[in-house]
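Understanding the architecture of this molecule
What follows is the residue order along each chain.
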Amino acid sequence: MDTVREWRPQVNPWLVAVTMVLPTFMVALDTSVANVALPHVAGSLSASADEATWVLTSYLVANAIVLPASGWITQFVGRSRFLTISIIAFTISSLASGAAVTLNMIIIARVIQGASGGALLPVSQAILLESFPPAKRGEAMAVYGLGVIVAPIIGPTLGGWITDNYSWRWIFYINLPVCLLAILLTRFFIVDPPYIRGKSPKSIDYIGFFLMAVGLGTLQVVLDRGERADWFSSAWVWAAAFASGVCLIAFVIWELKSREPIVNLRILSNRNFAVGTFLGMSYGVVLYGMLVMLPLFLQNLMGYTALGSGLAMTPRGIGALVAVTLAGRFVRKIDGRAMICAGFILLALAGFLLGEVNLQISIGSIIWPNIIMGFAVGMIFVPLTTIAMGTLPNEMMGTATGLYNLMRGMGGSIGIAVVTTLLTRHTQLHQSLMISHLTPYDPAFRESLHRLTGLFSSQSDPATAAKKAYRTIYNLLLEQSSLSAYIDNFRLLGFFSFIGVPFALLLKGIPFKKAQPPSASK
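To start, this report covers the structure provided alongside it. (Residues numbered from 1 in each chain as written. Predicted model: local features only at pLDDT ≥ 70, side-chain atom pairs only at ≥ 80, totals over all residues. Heavy atoms only, no water.)

1. Things to note about the nonpolar core
Note the cut-off: Nonpolar cores are built from buried Ala, Val, Leu, Ile, Met, Phe, Trp, Tyr and Cys residues. Side-chain atoms within 4.5 Å join them into one set. The rule is simple: take the accessible area with a 1.4 Å probe, protein chains only, and divide by the maximum for that residue type; under 20% is buried, over 50% is exposed, in between is partly exposed. Working rule for contacts: check all heavy atoms of both residues, and any pair within 4.5 Å makes them a contact.
Counting residues in each nonpolar core, the largest one holds 142 residues, and the members touching the most others are Ile-106, Tyr-283, Phe-297 and Leu-347. Sequence-distant contacts of Phe-297, that is, excluding residues within four places in its chain, are made with Met-302, Val-357, Asn-358, Ile-361, Ile-366, Leu-483 and Tyr-486. Counting residues in each nonpolar core, the second largest holds 7 residues, with Phe-445, Leu-452, Ala-465 and Ile-473 among its members.

2. Some thoughts on the packing of helix α13 (residues 271–300) against helix α18 (residues 397–435)
Using the following cut-off: Geometry is summarised by axes, namely lines fitted to C-alpha atoms with helices restricted to the contacting stretch, and by angles between N-to-C directions that run from 0 to 180 degrees. Each helix corresponds to a stretch of at least 4 residues labelled H or I by DSSP, and each strand to a stretch of at least 2 residues labelled E; elements are numbered beginning at the N terminus. An angle below 35 degrees is treated as roughly parallel, one above 145 as roughly antiparallel, one from 65 to 115 as roughly perpendicular, and anything else as oblique. Here is the rule for handedness: rotate from the far helix to the near one, and if that takes an anticlockwise turn smaller than a right angle the crossing is left-handed, while a clockwise turn gives right-handed. Side-chain classes are defined by residue name, with Ala, Val, Leu, Ile, Met, Phe, Trp, Tyr, Cys and Pro counting as nonpolar, Asp, Glu, Lys and Arg as charged, and the others, Gly among them, as polar.
In contact at an axis separation of 7 Å, α13 and α18 are set at 40° when each is read in the N-to-C sense. Put simply, α13 runs oblique to α18. Crossing angle aside, the handedness with which α13 passes α18 is right-handed. By residue class, the composition of the contact of α13 with α18 is 15 nonpolar, 9 polar and 1 charged.

3. Section: unusual backbone geometry
Backbone geometry at Asp-230 places phi at a positive 60°, although glycine is not the residue there. Looking at Asp-230, the relative accessible area reads 39%, which means it is partly exposed. For Trp-231, which is not glycine, the phi dihedral falls at a positive 50°.

4. Quick notes on the side chain of Glu-255
The cut-off we apply is this: The convention is simple: Lys and Arg are positive, Asp and Glu are negative, and His and the chain ends are not counted. When a carboxyl oxygen of Asp or Glu lies within 4 Å of a side-chain nitrogen of Lys or Arg, that pair is called a salt bridge.
Secondary-structure assignment places Glu-255 in helix α12 (residues 235–257). The side chain of Glu-255 is buried and forms no salt bridge, while Arg-266, the nearest opposite charge, is found at 7.7 Å. Among residues more than four places away in sequence, those in contact with Glu-255 are Asp-205, Gly-208, Pro-261, Ile-262, Val-263, Leu-265 and Arg-266.

5. Considerations on the packing of α13 against helix α16 (residues 336–354)
With their axes 12 Å apart at the nearest point, α13 and α16 run at an angle of 25° to one another. The angle between α13 and α16 places the two elements in the roughly parallel class. With respect to the hand of their crossing, α13 and α16 are arranged in left-handed fashion. Two secondary-structure elements touch here, α13 through Leu-279, Tyr-283, Val-286, Met-290 and Leu-294 and α16 through Phe-344, Leu-347, Gly-351 and Leu-354. For the contact of α13 with α16, a count of residues per class yields 8 nonpolar, 1 polar and no charged.

6. Considerations on α16
Quick reminder: α-helices carry 3.6 residues per turn. Residues three or four places apart thus point the same way. As a reminder of what qualifies: Take the residue count of a helix, subtract one, and multiply by 1.5 Å to get its expected span. For the purposes of these results, a polar contact is taken to be a pair of N or O atoms within 3.5 Å, where, inside protein, one atom must be able to donate a hydrogen and its partner to accept one; residues adjacent in sequence count only when each atom of the pair is a side-chain atom.
The end-to-end C-alpha separation of α16 is 27 Å, in line with the 27 Å expected for 19 residues at 1.5 Å each. Along α16, the positions that sit buried rather than exposed are Gly-336, Met-339, Ile-340, Cys-341, Gly-343, Phe-344, Leu-347, Ala-348, Ala-350, Gly-351 and Leu-354. Its side-chain oxygen at 3.0 Å from the backbone nitrogen of Arg-337, Asp-335 defines the N-terminal cap of α16.

7. Some remarks on the environment of Ala-504
Counting through the fold element by element, Ala-504 comes out in helix α21 (residues 500–504). A relative accessible area of 0% places Ala-504 in the buried class. Along the sequence, Ala-504 and Leu-384 sit 120 residues apart, while their C-alpha atoms lie 8.6 Å from each other. The contacts of Ala-504, once residues within four sequence positions are left out, are Leu-279, Arg-337, Ile-340 and Cys-341.

8. Describing α13
Counted at 1.5 Å a residue, the expected span for α13 with its 30 residues is 44 Å, and the 44 Å between its end C-alpha atoms agrees. Buried residues dominate α13, accounting for 23 of its 30 residues. Between the side-chain oxygen of the N-cap and the backbone nitrogen of Asn-272 there are 3.2 Å, and the N-cap of α13 in question is Asn-270.

9. As for a nonpolar patch on the surface
Convention followed: Two joining distances apply to patches: 9 Å for like charges and 5 Å for nonpolar side chains (Val, Leu, Ile, Met, Phe, Trp, Tyr), and every residue must have over 30% relative accessible area and no salt bridge. Here, Shrake-Rupley sampling with a 1.4 Å probe gives the accessible areas, and only protein chains in the shown set may cover a residue.
Where nonpolar side chains cluster on the molecular surface, the patch consists of Ile-318, Val-322, Leu-326, Phe-330 and Ile-334 and spans about 400 Å² of accessible area. Relative to the helices and strands, Ile-334 resides in the loop between α15 (315–330) and α16. For Ile-334, a relative accessible area of 41% gives the class partly exposed.

10. Some details on the side chain of Gln-220
Within the secondary structure layout, Gln-220 lies in helix α11 (residues 206–225). Its relative accessible area of 4% is what places Gln-220 among the buried residues. Side chain to side chain, Gln-220 and Ser-413 meet in a polar contact 2.9 Å long. For Gln-220, the contacting residues outside a window of four places in its chain are Leu-60, Val-61, Ala-64, Met-410 and Ser-413.

11. Some words on the packing of aromatic side chains
Applicable threshold: Each pair of aromatic rings taken from Phe, Tyr and Trp, with Trp reduced to its six-membered ring, is defined by centres within 6.5 Å and is described as stacked if the planes are under 30 degrees apart, edge-to-face if over 60, and tilted in the remaining cases.
Under the counting rule described, the total for this entry stands at 11 aromatic pairs. On the numbers, 6.3 Å between centres and 90° between planes, the contact of Trp-168 with Phe-172 is edge-to-face. When the centroid spacing of 5.2 Å and the interplanar angle of 85° are considered together, the rings of Trp-170 and Tyr-173 count as edge-to-face. Of the two residues, Trp-170 and Tyr-173 are both situated in helix α9 (residues 170–173); the distance of 3 residues between them amounts to about one turn of the helix. The rings of Phe-352, Phe-495 and Phe-498 are connected pair by pair, giving a single aromatic cluster.

12. Looking at the pattern of salt bridges
Taken as a whole, this structure holds 3 salt bridges when the rule is applied. Its salt-bridge partner being Arg-425, residue Asp-230 comes within 3.1 Å of it at the nearest N-O pair. Highlighted residues: Asp-230 in the loop between α11 and α12 and Arg-425 in helix α18, separated in sequence by 195 residues. Using a relative accessible area of 39% as the deciding quantity, one classes Arg-425 as partly exposed. A salt bridge links Glu-356 to Arg-491; its shortest N-O distance comes to 3.4 Å. Highlighted residues: Glu-356 in the loop between α16 and α17 (364–390) and Arg-491 in helix α20 (residues 462–497), separated in sequence by 135 residues.

Right, here's the structure in full:
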């Protein structure tokens, strides 16, 4: 292997890891920390609840557009410079989001924040993979996993606590000291490898970028807001979905023919990377689907506050922290494919355990499935990333990490869109099934109605008591139909998790060589 591919940074790679985990953690945190603060943002900026959701949508759209193009941009402006610019832009946009006095102002700031954050995740991952020898990449991905897995889990809890005790604006201001430290460390420890220096593209793929931006942007809007418009019952959803499909198909054709594509899709011809990207999208569907569903269950049916539901989710971070630590250490000793299979099986187990919930469960019935789920995701993330990137040359890492993170994020968006839609549809389905039993000819209904009417008769006249009894039974109907819909979704995600097992077996194992002391290139 030549000296270009054997390049290692002049500084200790663990200093590079510390430098990269700071912006990674803040970007991943910002994907979820604002969720619980939306009602406060809407009230403060005189906006409706639906209008305030654009604070989330704008971030996700900009993030999706920049992610796959990050590899090309690093070649165009230089990786170290691009990283510094992205951190600065993320810092300024965070301050602007916190200081916003109108909805339009915070949406514009969130677009910039999403774009700069979309650049930071894949660039940080590429730098980590290149800075460590193949035998140490599992440990590097364990560090990276602390940011991209743990941060979104603690985000709602942290956001709820800050919002309740201070102000929603501080969920953005807390980025400032961390980002300033990341800028300082980047200037000291991050340098461009020789295969990036002086490799700026000779032309800019304007057509490719336009097709990608429109295709991914409209797709993200459809996934994020389609459920509110009842999906294809709305004309704008049809138009946006059609525009997205046409642009993405044209984008693939154009990029495969272009001499200097903005996203080198030929990288998907690598079997490990193609399968790994699909698996990353698959666990994104399950992880983010459950991440959205469980707080809704706890708040809407169990009566938890936003902070309480966030605290109940926190054990998932503990499981993930333990798993990424162990996986990073043992990925060289245990077949990574076996770890990935075990992770998907544990993810399915967590879904089935949550599929046994009822309205009388204790907190333990929530904590243990969360710990198992966090452990499962950590077991999947480290070996999957290591194997998916393990057969690629270093000079392709920028493009690879951009596509990988894009598809994982898209998987999350698809998972959220599917579970929120199925919750509504299955609730209506179970209502229609249950209401057929609420007739005078059903013995259980007659008995419940008679018992409740007698209970309320001691407080009001017979007519009012009967109305209260009917209302109580109807509320129980709504409650039980909603519970059944949550159970359906948890079990569905559990079954979907098994899809990762056969695909994991399609991956080629990576034979790790013993790590040699890094030698700096001059």
